[in-house]
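Okay, here's what each chain looks like letter by letter:
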Amino acid sequence: MRRSGVRFPRLEPDLLRGRLVPPDGPVRVLIDTDAANEIDDQFALAWALLSRDRLRIEAVTAAPFSFQHHRAGLLAAEAWLDGAAGRHPGRSQRTAAAVDESHLAWAQRLHSEGRRATDVEFVSPAEGMERSYQEILRVFDALRMARAGRIVRGATGYLTSLEAPPTPLAAEAIIDLAKSGDSRDPLYVVAIGCVTNVAAALLQAPEIVRDVVLVWTSAYPSSAPHCNRPSLNLMQDPLASRLLFNCGAPLVYLPGFHVGAQLRVSRPEMDAFVRGRSAIGDLLHDLYTDNPLHRMWASQHDAKRTWIIWDIITIAWLLNPNWVPTHLTRAPILTDELFWRQDSSRHIMREGHDVQRDEIFMDLYDKVAAAAD
């Protein structure tokens, strides 16, 4: 298969279909995570590390992240708010139409706290990766697990060219581990952030499409008519996102909207089943009650709100595929405008369409409590 100057092996239909069969035993896993982005990655990583009977976590790689794409919209919304009182009403209405409603609401919440848009910290992708690396270390330490040689830094920026991909250590780790298995033991590359590291590995060593199964959560179902721009995992690096659907590698795609979005947890649950159960339980509880995105978005009434633990959908599917029902479908084309386009000639992938929310969280709670033993 050839895509934009890069040639990928075309997998035989039986091999591709076989790779997409849900696993029924222990699997080799590499987790690629933007762990400091919010709090769901830490839950997913801890749960995976506590599931040693099913998952052999061979490495964890740090992915870049950044919310810098929101800066201009937030500043524009604040500028409109600052000048709205002195404008002619008709002009204000016309100007408001050009301001994104979500950014306007964000600016209003900031102002209600006495803060300005310039008070919001927008880290660079490089800093996001480094913070994610440090956060991975923190999860390992809370679990008292050896981390030497298992945690790897990733790309410091996003893909800008398919012909000249970055060469982060994370991509080397993916390639090396993919090639270290055999035909019966593929590497499950679990991506719970933007897929820059994964794409870099595929571009450097296209042959590994035969040795991996990619598991990624982001965006809307492939049948949805909506623009996927709201998905941070997808829109940060459109080139890398597009490559995952184009390269022909076995792909298990688990939509966030509104499949993973069912994985909500509340403060009373965190208090009852996580806090005080173990060191990792206390870390996860602290994250929930001091969520960095609450501060960033100037969220209010946090104690009454639930929070989506998006990324655990990937671990849930690996642990028990019945917890995340899936089906085979054709890989969509991701357009330049970040919409899906269907093509019946495309290769197949596996896609999630539901979750068994209670079973997922009960297993997570049990393993967090058992971590104290």
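If you're wondering where the values come from, they're calculated on a predicted model, not measured in any experiment. Counting from 1, residues in each chain are numbered in the order their sequence is written. Residue-level local features of this predicted model are given only where pLDDT is at least 70; pairs of side-chain atoms are given and counted only at 80 or more, and the full residue set underlies all totals for whole chains, interfaces and linings. With hydrogens and water set aside, each side-chain value is computed from the structure's full complement of heavy atoms.

*Asks:* Which parts of the structure should I look at to understand the packing of aromatic side chains?
*Replies:* Any aromatic ring pair is given by two values, namely how distant the centres are and how the planes are angled relative to each other. Pairing of aromatic rings covers Phe, Tyr and Trp, the last counted by its six-membered ring, and requires centre-to-centre distances within 6.5 Å; plane angles under 30 degrees mean stacked, over 60 mean edge-to-face, and any other angle means tilted. According to the stated counting rule, one finds 14 aromatic pairs in the structure shown. Between Phe-65 and Phe-67, the aromatic rings sit 6.5 Å apart at their centres with planes inclined by 70°, giving edge-to-face as the arrangement. Each member of the pair, Phe-65 together with Phe-67, is buried. Taken together, Phe-65, Phe-67, Trp-106, Phe-122 and Trp-297 form an aromatic cluster joined through their ring pairs. Criterion for a charge above a ring: Arg CZ or Lys NZ at most 6 Å from the ring centre, at most 35 degrees from the ring normal. It is Arg-153 that lies over the ring of Tyr-133; its NZ or CZ is 3.8 Å from the centre. Remark: exposure states derive from per-residue accessible area (1.4 Å probe, protein chains only) relative to the maximum for the residue type, with buried under 20%, exposed over 50%, and partly exposed in between.

*Asks:* So what exactly am I meant to see when it comes to the sheet that holds strand β4 (residues 55-62) here?
*Replies:* In a beta sheet, neighbouring strands are held together by backbone hydrogen bonds and run either parallel or antiparallel to one another. Pairing between strands requires that DSSP locate at least two bridges from one strand to the other. In this description a helix means any DSSP run of H or I spanning at least four residues, a strand means any run of E spanning at least two, and both kinds are numbered starting from the N terminus. Taken in spatial order, the eight strands line up as β5-β4-β3-β6-β7-β8-β14-β11 in an open sheet, and their pairing is mixed. Whereas interior strands pair on both sides, the edge strands pair on one side only; in this sheet they are β5 (151-152) and β11 (326-330). Taken together, the five bridges between strand β6 (residues 187-192) and strand β7 (residues 212-218) define a ladder with parallel strand orientation. Counted as the bridge partner of Val-189 is Leu-214 from β7.

*Asks:* How do you make sense of the pairing of β7 when you look at a structure like this?
*Replies:* Look at any regular strand and the pattern is simple: side chains alternate between the two faces of the sheet. Burial analysis of β7 places seven of its seven residues in the buried class, which makes it a mostly covered element. Where burial is concerned, the two faces of β7 agree: the one with Val-212, Leu-214, Trp-216 and Ser-218 and the one with Val-213, Val-215 and Thr-217 are both buried. Place the viewer so that the strands point away; then a crossover is right-handed whenever the path from the first strand over the helix to the second strand goes clockwise. Chirality of the crossover, the property in question, places the unit of β6, helix α8 (residues 196-204) and β7 among those that are right-handed. Relative to strand β8 (residues 251-255), β7 runs parallel, the two sharing five bridges. Pairing of Val-215 across the sheet is with Val-252, part of β8.

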